[in-house]
Amino acid sequence: NFIKFPNLKVFEFETYMTEKAILVNNALDEAVPLQEPLTIHEAMRYSLLAGGKRVRPILCLAACDLVGGKSTQAMAMASSVEMVHTMSLIHDDLPCMDNDDLRRGKPTNHKVYGESIAVLAGDALLSLAFEHLATRTIGVGPDRVVRAITELASAVGSLGLVAGQIVDISSEGNQEVDLNKLEYIHVHKTAKLLEAAVVGGALLGGGNSGEVERVRKYARSIGLLFQVVDDILDVTKSSEELGKTAGKDLLTDKATYPKLMGLERAKEFAGELLVKAVDELRFFDAGRSAPLYHLAHYIAYRQN
Ligand code: GRG
């Protein structure tokens, strides 16, 4: 629980995560009240409040704190990023995409509400995310709010999440996926939104352009790290479950880091990305950067 940071201050990471997750959950609960038309708001709340690690909103709040801002300044952005993340999960689970029955340990949105409502719940969350960021951000000038909106929009659109998803879909069953293409998919599907969360938090917290660009680099490394670790967990978890040396990753067509570079090299690559990310933090006050330092380690060493 207690990890020492260079200035010898003790930072209690689990408490930090729990406290921030509670703040985020309360903000999300308030942002999407149960109102008429009931079914759509129920469906939006079902997926939004279904748990989840809340990594993106917590990164957003931590980046705001890093540059000396108050958490309240970035709370609307933190909620908006989680709304976008949740809508992408709802749509990703649809029969026309991954056709998944379970998400966050519960039946997927379309399994409970049907496909039409699941599509609309995703659309409504995406729209609300931008309205919420534009109208509910407090204590920040309009120029910075517009820049945060721009970061989020570009992370989501046809050069962001959507780009990653389309390249992923069109690569299915394709044996030719190489490391460059795999990196493209992960950067767009995963890293872009993490980047928007961190950069948005720093912008709304009052960070200067040097600080914002440093946290952008930090975010790019942890975004890719998140996915490399996901791929490694896919192999190691399923190996444990199957009691075999090769996990499900090695049995399917899907391109992953362990498959393309070998498990050991993938672990080394994850280590390199972690070092690269935390290196960007040495320019900041050690106390203030402790949350982002520990979040990078959490992403690297998480078990789910
Ligand atoms: C954004 C307009 C728009 C459309 C969506 C479906 C789609 C296009 C994109 C798919 C994006 C996707 C599902 C990426 C995977 C991201 C990812 C790593 C999910 C898992 O994140 P965690 O582990 O999950 O943070 P929890 O449940 O903890 O939040």
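Counting of residues starts from 1 at the beginning of each chain's written sequence and follows it residue by residue. The model is predicted, so local features are restricted to residues of pLDDT at least 70 and side-chain atom pairs to those at 80 or more, both for listing and for counting; the totals for chains, interfaces and linings are taken over all residues. To get the side-chain values, take all heavy atoms of the structure and skip hydrogens and water.

Student: How would you explain the overall build of the protein chain if you had to name every residue and give the values?
Tutor: Secondary structure elements are defined from DSSP: runs of H or I of at least 4 residues count as helices, runs of E of at least 2 residues count as strands, and each element is numbered from the N terminus. Within the protein chain one finds 13 helices and 4 strands. Atoms counted for the radius of gyration: C-alpha only. Globule rule: 2.2 Å times the number of residues to the power 0.38. At 19 Å, the protein chain has a C-alpha radius of gyration in line with the 19 Å of a compact globule built from 304 residues. Think of it in three bands: with a 1.4 Å probe and only protein chains considered, a residue is buried below 20% of the maximum accessible area for its type, exposed above 50%, and partly exposed in between. Put simply, the protein chain has 304 residues, and 50% of those count as buried. Two residues qualify as a contact provided that any one of their heavy atoms is within 4.5 Å of a heavy atom in the partner residue. Here the contacts in the protein chain between residues at least 6 apart in sequence split such that 70% fall between residues at least 24 apart. Within this scheme the basic residues Lys and Arg register as positive and the acidic residues Asp and Glu register as negative, but His and the chain ends are omitted. A charged residue contributes its charge at one atom only: NZ of Lys, CZ of Arg, CG of Asp or CD of Glu. The average position of the 33 basic charges and that of the 40 acidic charges among the side chains of the protein chain differ by 5 Å.

Student: Could you give an account of the site of the ligand, with specific residues and numbers?
Tutor: Here a residue counts as near a molecule or strand whenever at least one of its heavy atoms sits within 4 Å of it. In the vicinity of the ligand lie 18 residues, with K53, R56, H85, R104 and Q165 positioned nearest. Throughout this description, a polar contact denotes any pair of N or O atoms lying within 3.5 Å of each other; where both atoms belong to protein, one of them has to be capable of donating a hydrogen while the other can accept it, and for residues adjacent in sequence the pair is counted only when both atoms sit in side chains. Between the ligand and the protein, one listed contact pairs an oxygen atom with a side-chain N or O atom of K53 at 2.5 Å. Here an oxygen atom of the ligand sits 2.8 Å away from a polar atom, N or O, in the side chain of R104. For the accessible areas, the method is Shrake-Rupley and the probe is 1.4 Å, while residue cover comes only from the protein chains on display. Computed on the free molecule, the ligand has an accessible area of 760 Å², of which 88% lies beneath the protein chains in the complex. Sorting the residues of the shell around the ligand by element identifies helix 4 (71–93), helix 8 (161–171), helix 9 (179–204) and helix 10 (209–242) as the ones contributing at least two each. If one sorts the elements of the shell around the ligand by residue count, helix 4 sits on top with 5 residues. For this classification, Asp, Glu, Lys and Arg are treated as charged, while Ala, Val, Leu, Ile, Met, Phe, Trp, Tyr, Cys and Pro are nonpolar and the rest, including Gly, are polar. Partitioning the shell around the ligand into residue classes produces 7 nonpolar, 6 polar and 5 charged.

Student: Break down the packing of helix 3 (residues 55–66) against helix 4 for me, citing the residues and quoting the values.
Tutor: Two elements in contact, helix 3 and helix 4, have axes separated by 8 Å at closest approach and are oriented at 155°. Taken as axis vectors, helix 3 and helix 4 run roughly antiparallel relative to one another. Seen along the crossing, helix 3 lies across helix 4 with a hand that is right-handed. Judged by residue contacts, R56, P57, C60, L61, C64 and D65 of helix 3 engage S71, Q73, A74, M75, M77, A78, V81, E82 and H85 from helix 4. Broken down by class, the residue content of the contact of helix 3 with helix 4 amounts to 9 nonpolar, 3 polar and 3 charged. An axis is simply a line fitted to the C-alpha atoms; with a helix, the fit covers only the stretch in contact. Between two such axes, the angle follows the N-to-C directions and lies from 0 to 180 degrees. What sets the label is the angle itself: under 35 degrees gives roughly parallel, over 145 gives roughly antiparallel, 65 to 115 gives roughly perpendicular, and the rest give oblique. By definition, turning the near helix anticlockwise from the far helix through less than a right angle yields a left-handed crossing, and turning it clockwise yields a right-handed one.

Student: Run through helix 12 (residues 263–279), naming residues and quoting values.
Tutor: Three- or four-residue spacings in an α-helix give side chains the same orientation, since the helix completes a turn every 3.6 residues. The span expected for a helix works out to 1.5 Å for each residue beyond the first. In a regular helix each residue adds 1.5 Å, so 17 residues correspond to 24 Å; helix 12 covers 25 Å between its end C-alpha atoms and thus fits that length. Burial in helix 12 covers these residues: A266, F269, A270, L273, L274, A277 and V278. Down the axis of helix 12, the smallest arc covering the buried residues is 165°, so these residues share one side. Residues of helix 12 that are exposed and angled more than 90 degrees away from the buried face: E264, V275 and K276. Directions from the helix axis toward the C-beta atoms define the arc.

Student: Quick one: what's the story with the confidence of the model for the protein chain, residue by residue and with numbers?
Tutor: Confidence scores per residue from the predictor, reported as pLDDT, run from 0 to 100. Summarising the model, the protein chain shows a mean pLDDT of 93, and 92% of its residues fall at 70 or more. Ignoring residues within four places in sequence, the model shows residues 244–249, a span with pLDDT below 50, making 15 contacts including any to other chains. For this predicted complex, the interface score ipTM comes out at 0.97, alongside a pTM of 0.93.

Student: Describe in detail the packing of helix 3 against helix 9, supporting the description with residues and values.
Tutor: At a closest axis distance of 6 Å, the pairing of helix 3 and helix 9 adopts a crossing angle of 30°. In terms of axis orientation, helix 3 runs roughly parallel to helix 9. Classified by chirality, the crossing of helix 9 by helix 3 is right-handed. Side by side, helix 3 and helix 9 meet where R56, L59, C60, A63 and C64 of the first sit next to L193, L194, A197, V198, G201 and A202 of the second. The residue inventory of the contact of helix 3 with helix 9, partitioned by class, reads 9 nonpolar, 1 polar and 1 charged.

Student: Requested: an account of the pattern of salt bridges, with residues and values cited.
Tutor: Salt bridges are defined by distance alone: a side-chain nitrogen of Lys or Arg within 4 Å of a carboxyl oxygen of Asp or Glu. As enumerated under the stated definition, the model contains 19 salt bridges in all. Residue D234 pairs with K254 through a salt bridge whose shortest N-O separation is 3.3 Å. Of this pair, D234 sits in helix 10 while K254 sits in the loop between helix 10 and helix 11 (257–261); the two residues are 20 residues apart in sequence, bridging distant segments of the chain. K254 sits in the partly exposed class, given a relative accessible area of 47%. Each of E151, E195, E213, R216 and R220 takes part in a single network of salt bridges with overlapping partners.

Student: Which residues make up helix 7 (residues 142–156), and what values go with them?
Tutor: The first and last C-alpha atoms of helix 7 sit 21 Å apart over 15 residues, in line with the 21 Å expected at 1.5 Å per residue. Every buried residue of helix 7 is listed here: V145, A148, E151, L152, A155 and V156. Within helix 7, the buried residues cover an arc of 125° as seen down the axis, which keeps them to one side. Residues of helix 7 that are exposed and angled more than 90 degrees away from the buried face: P142 and D143.

Student: Could you give an account of the environment of A50, with specific residues and numbers?
Tutor: Here A50 shows up in the loop between helix 2 (38–48) and helix 3. For A50, a relative accessible area of 17% translates into the label buried. In sequence terms A50 and V278 are 228 residues apart; their C-alpha atoms lie 31 Å from each other. Residues within four places of A50 in sequence aside, it is in contact with R104 and K106.

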